[in-house]
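Here's the letter readout for the chains.
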Amino acid sequence: MSKQSRCIQTLPVIAAVALTANRFVSPTGGLPAAGGNTLGVALSDTAQGDACPVERLGTAKVVASAPIAKGGGIEALDDGRAAPLDEGVLVARALEAATVAGQIIEAAMIPN
């Protein structure tokens, strides 16, 4: 489990829904569409209507939905978890492997 991230840019976003730390956030402050674009990763649990710090550039800690290979591409699920890239938008690259669902790993963010 990663204990670090290297943030280059954090943006405040008003949460359109309750957001969970270490999960992807849509450009509108909600949860992303499965395989869709993301703004970045929530840095903290945030209630709907509150400002959430979103890690946009650099590396971020993300919650894996399944095993992800080190160096593998990542797409977002509709609950904000990271999934191995299939047919969605490449939003990050795994800097370490996830061996089980729920594991937190460090990922390099890819602006999209």
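You'll find the structure just up there.
Residues numbered from 1 in each chain as written. Predicted model: local features only at pLDDT ≥ 70, side-chain atom pairs only at ≥ 80, totals over all residues. Heavy atoms only, no water.

Undergrad: Break down the overall build of the protein chain for me, citing the residues and quoting the values.
TA: When you go through the protein chain residue by residue, the secondary structure sums to zero helices and eight strands. Starting at the N terminus and ending at the C terminus, the protein chain contains elements arranged as β-β-β-β-β-β-β-β. For 112 residues, the compact-globule formula gives about 13 Å, and the C-alpha radius of gyration of the protein chain, at 12 Å, lands near that figure. With the C-alpha coordinates aligned to their principal axes, the bounding extent of the protein chain is approximately 35 × 25 × 25 Å. Across the 112 residues that make up the protein chain, the buried fraction comes to 45%. Sequence separation of at least 24 residues holds for 54% of the intrachain contacts in the protein chain that already meet a minimum separation of 6. Where the 8 positive side-chain charges of the protein chain centre and where its 10 negative ones centre are 8 Å apart. (Helix = DSSP H or I, 4+ residues; strand = E, 2+ residues; numbered from the N terminus. Rg over C-alpha atoms; globule rule 2.2 N^0.38 Å. Buried < 20%, exposed > 50% of the residue type's maximum accessible area, 1.4 Å probe, protein only. Contact = heavy atoms within 4.5 Å. Lys, Arg positive; Asp, Glu negative; His and termini not counted. Charge placed at Lys NZ, Arg CZ, Asp CG, Glu CD.)

Undergrad: Could you give an account of the side chain of Glu 106, with specific residues and numbers?
TA: Along the chain, Glu 106 turns up in strand S8 (residues 104–109). Of the polar contacts made by the side chain of Glu 106, one reaches the side chain of Thr 59; its length is 2.7 Å. (Polar contact = N/O pair within 3.5 Å; in protein donor to acceptor, adjacent residues only side chain to side chain.)

Undergrad: Just give me the short version of the side chain of Glu 55, but keep the residues and values in it.
TA: With respect to the helices, strands and loops of the structure, Glu 55 is situated in strand S4 (residues 51–63). There is no salt bridge for the buried Glu 55, and the closest opposite charge comes from Lys 61, which lies 7.7 Å off by N-O distance. Not counting the four nearest positions on each side in its chain, Glu 55 is found in contact with Ser 5, Arg 6, Cys 7, Gln 9, Thr 10, Leu 39, Gly 40, Val 41, Leu 43, Ala 60 and Met 109. (Salt bridge = Lys/Arg side-chain N within 4 Å of Asp/Glu carboxyl O.)

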